[in-house]
Amino acid sequence: MELWTLFVTASVPVLESFLITALGSYLALDRVNLLGPDCRKYLNTIVFYVNTPALIAANLAETITYDSLVKLWFMPVNILLTFIVGSIFGWILMKLTRTPPHLRGLVLGCCAAGNLGNLLLIIIPAVCEESGSPFGDADTCDTTGTTYASLSMAIGAIYLWTYVYNIVRISSKTSIQDSDSPQTTDSSSTSSHISYTEPLLSIEDNVDQCEPPRNVSEGDAKMTCLGKTKEWMVMVNEKLNLKTVFSPSTIAVIIGFAVGIISPIRNLLIGDDAPLAVIDDTTSLLGDAAIPLLTLIIGGNLVKGLRVGGIQKSILIGILIVKYVAAPLTGILIVKGAVKFGFVSNDPLYLFVLLLQFAVPPAMNLGTITQLFGQGESECSVIMLWTYIFASLSLTFWCAFFLWLVA
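Residues numbered from 1 in each chain as written. Predicted model: local features only at pLDDT ≥ 70, side-chain atom pairs only at ≥ 80, totals over all residues. Heavy atoms only, no water.

1. Structural notes on the overall build of the chain
In plain terms, the rule: Segments assigned H or I by DSSP are reported as helices when at least four residues long, segments assigned E as strands when at least two residues long, and all are numbered from the N terminus. Buried, partly exposed and exposed residues are distinguished by accessible area as a fraction of the type maximum, computed with a 1.4 Å probe on protein chains only: under 20%, between the cut-offs, and over 50%, respectively. Two residues form a contact once any of their heavy atoms are found within 4.5 Å. Where accessible areas are quoted, they stem from the Shrake-Rupley method and a 1.4 Å probe; at the residue level, only the protein chains shown are allowed to cover.
When helices and strands are counted, the chain shows 17 helices and 0 strands. Of all 407 residues assigned to the chain, the portion counted as buried reaches 51%. Expressed as a percentage of contacts within the chain between residues at least 6 apart in sequence, the contacts between residues at least 24 apart total 85%. For the chain, the exposed surface amounts to about 19,400 Å²; the carbon and sulfur share of it is 63%.

Dropping the structure here:
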């Protein structure tokens, strides 16, 4: 492929995402006021509870089978590596810039969690439809690419809501402890009465707590041990906030995998002749709205980023370097190493997706997480503003380079 063809092929999907983002920013202007703060908050909640889970569940159910899951075993590992690599660079950035304690979780989350679903679902089909695409037939590429993007979104959602969510939660407790009353929101995760002033997990070393006391019968000793075990499990659930692990997106992942892998359930729901195909069609219809709505929301949040400050320039520049220079270069080494050692087949589209997972901007759901805790919203808006502005240039460059690399 010629260099100009690669550039055009890579720039079209990025431009599509940029235009929707620009529309969201326009609708959020004061003189238009169709996407104001309250509207974004309520719309964000609907997307969190309904549209995003529907998108994940529908795409997984339709595209993931047991055989495809076995073939794609390296993708969850690759996504985990994106979080590990980002966390390492984020930790170095925090040390170099002396990030304030209440922002450490946000900075770490921005470096670790990328937009592994929405952008891939926009970019990959658009690249497949371009005449200069190196991935062969457009229909086959689109179907296969949707499978890759769906699995990427599902695994990314699990890591985001189990790792980044709790990192931001722990970080936000620093500023909350300074006020007399903790802030609360109407969001789903706060409805579970999370105590932000408690550590993520605080379990004392009671190794011998189940050892039966002296002069106690064996039956009583068993009851005592069971009681202690129950108390320990309740404490772990409260401290670790296991409810946050099973967010709507995570539950959607479980449902999508179950429907896709278990043949009897799949035959009932998936396909034109399936008896309950209407359920899948309805879920897909709800899910189709997730990407444009999320992109509009991020565009509206970018307007807020133009109006606020409060974050060090060194932190912002560091995040840009981590996301758009250090992480993609590290990703090239990891993916090339995986191919060399036989962990990954030499499928151009699959390799392109694996590489792209290291080059995407921060996850849009970071804005949702900061809104859930009411901490770091303005700083997150600034970070999202500049990372997504630079993403239009960075993604175009890296997409073109990755296309050349795998072609």
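Past the structure itself, the notes keep going.
2. With respect to a nonpolar patch on the surface
Let me state the cut-off plainly: For patch building, the residue pool is restricted to those with more than 30% relative accessible area and no salt bridge; the joining distance is 9 Å between like charges and 5 Å between nonpolar side chains (Val, Leu, Ile, Met, Phe, Trp, Tyr). Put simply, a salt bridge is a Lys or Arg side-chain nitrogen that is within 4 Å of an Asp or Glu carboxyl oxygen.
There is a patch of nonpolar side chains on the surface, built from L80, I84, I88, W91, I92 and L96 and spanning about 590 Å² of accessible area. Within the element layout of this structure, L96 appears in helix α4 (residues 74–97).

3. Topic: the state of the cysteines
Rule in force here: Count a disulfide wherever a pair of cysteine sulfur atoms falls within 2.5 Å.
Considering all chains together, one arrives at 1 disulfide under this definition. Bridging C128 to C141, the disulfide has an S-S length of 1.8 Å. Handedness here is read from the sign of the S-S torsion; for C128 and C141, about -60 degrees, the answer is left-handed. Of this pair, C128 sits in helix α6 (residues 118–129) while C141 sits in helix α7 (residues 138–176), and the two are 13 residues apart along the sequence. In this structure, C128 and C141 share a single accessibility class: buried. Not engaged in a disulfide, the cysteine C110 finds its nearest cysteine sulfur in C380; these two sulfurs lie 5.5 Å apart.

4. Quick look at the environment of L160
If you trace the backbone, L160 turns up in helix α7. In the structure, L160 is positioned 206 residues away from L366 in sequence and 8.7 Å away in space, judged by C-alpha atoms. Not counting chain neighbours up to four residues away, the residues in contact with L160 comprise F83, A113, Y165, A363, N365 and I369.

5. Observations concerning the environment of G145
With respect to the element layout, G145 can be found in helix α7. Owing to a relative accessible area of 0%, G145 belongs among the buried residues under this scheme. Separated by 204 residues in sequence, G145 and L349 place their C-alpha atoms 7.2 Å apart. Ignoring any residue separated from it by four or fewer positions in sequence, one finds G145 in contact with I124 and L349.

6. A look at the packing of helix α16 (residues 365–373) against helix α17 (residues 377–406)
Heads up, the rule is: Only the contacting stretch of a helix is used when fitting its axis, a line to C-alpha atoms as for every element, and angles between N-to-C directions run 0 to 180 degrees. The scheme is simple: roughly parallel for angles under 35 degrees, roughly antiparallel for over 145, roughly perpendicular for 65 to 115, oblique for anything else. Classification convention: Asp, Glu, Lys, Arg as charged; Ala, Val, Leu, Ile, Met, Phe, Trp, Tyr, Cys, Pro as nonpolar; all other residues, Gly among them, as polar.
One can describe the packing of α16 onto α17 by two numbers: an axis separation of 9 Å at closest approach and a directional angle of 170 degrees. Here α17 runs roughly antiparallel to α16, going by the angle between their axes. On α17, the residues that touch L366, G367, T370 and Q371 of α16 are E377, C380 and M384. By residue class, the composition of the contact of α16 with α17 is 3 nonpolar, 3 polar and 1 charged.

7. Concerning α16
Because an α-helix completes one turn every 3.6 residues, residues spaced three or four positions apart along the sequence face the same direction. Counted residue by residue, α16 has 8 buried out of 9 residues, so it is predominantly covered. All of the buried residues along α16 are N365, L366, G367, T368, I369, T370, L372 and F373.

8. Thoughts on the environment of L329
Tracing the sequence through the fold places L329 in helix α14 (residues 313–340). For L329, a relative accessible area of 45% corresponds to the partly exposed category. For the pair L329 and W398, spaced 69 residues apart in the sequence, the C-alpha separation amounts to 9.9 Å.

9. Some points on the side chain of S152
Following the sequence through the fold, S152 ends up in helix α7. Not counting residues within four places of it along the chain, the set of residues in contact with S152 comprises M75, I79, L116, L120 and Q357.

10. Overview of the packing of aromatic side chains
In plain terms, the rule: Two rings from Phe, Tyr or Trp (for Trp, the six-membered ring) form a pair when their centres are within 6.5 Å of each other. A pair whose planes differ by under 30 degrees is stacked, one over 60 is edge-to-face, and the rest are tilted.
One pass over the full model with this rule turns up 15 aromatic pairs. Arranged with centres 5.5 Å apart and planes meeting at 65 degrees, the rings of F83 and Y159 form a pair that is edge-to-face. You can see F83 sitting in helix α4 and its partner Y159 sitting in helix α7, a full 76 residues away along the chain. You can call F83 buried: its relative accessible area is 5%. Judged by centre distance (5.0 Å) and plane angle (70 degrees), the ring pair of F397 and W398 falls under edge-to-face. Exposure remark for W398: the relative accessible area of 7% places this residue in the buried category.

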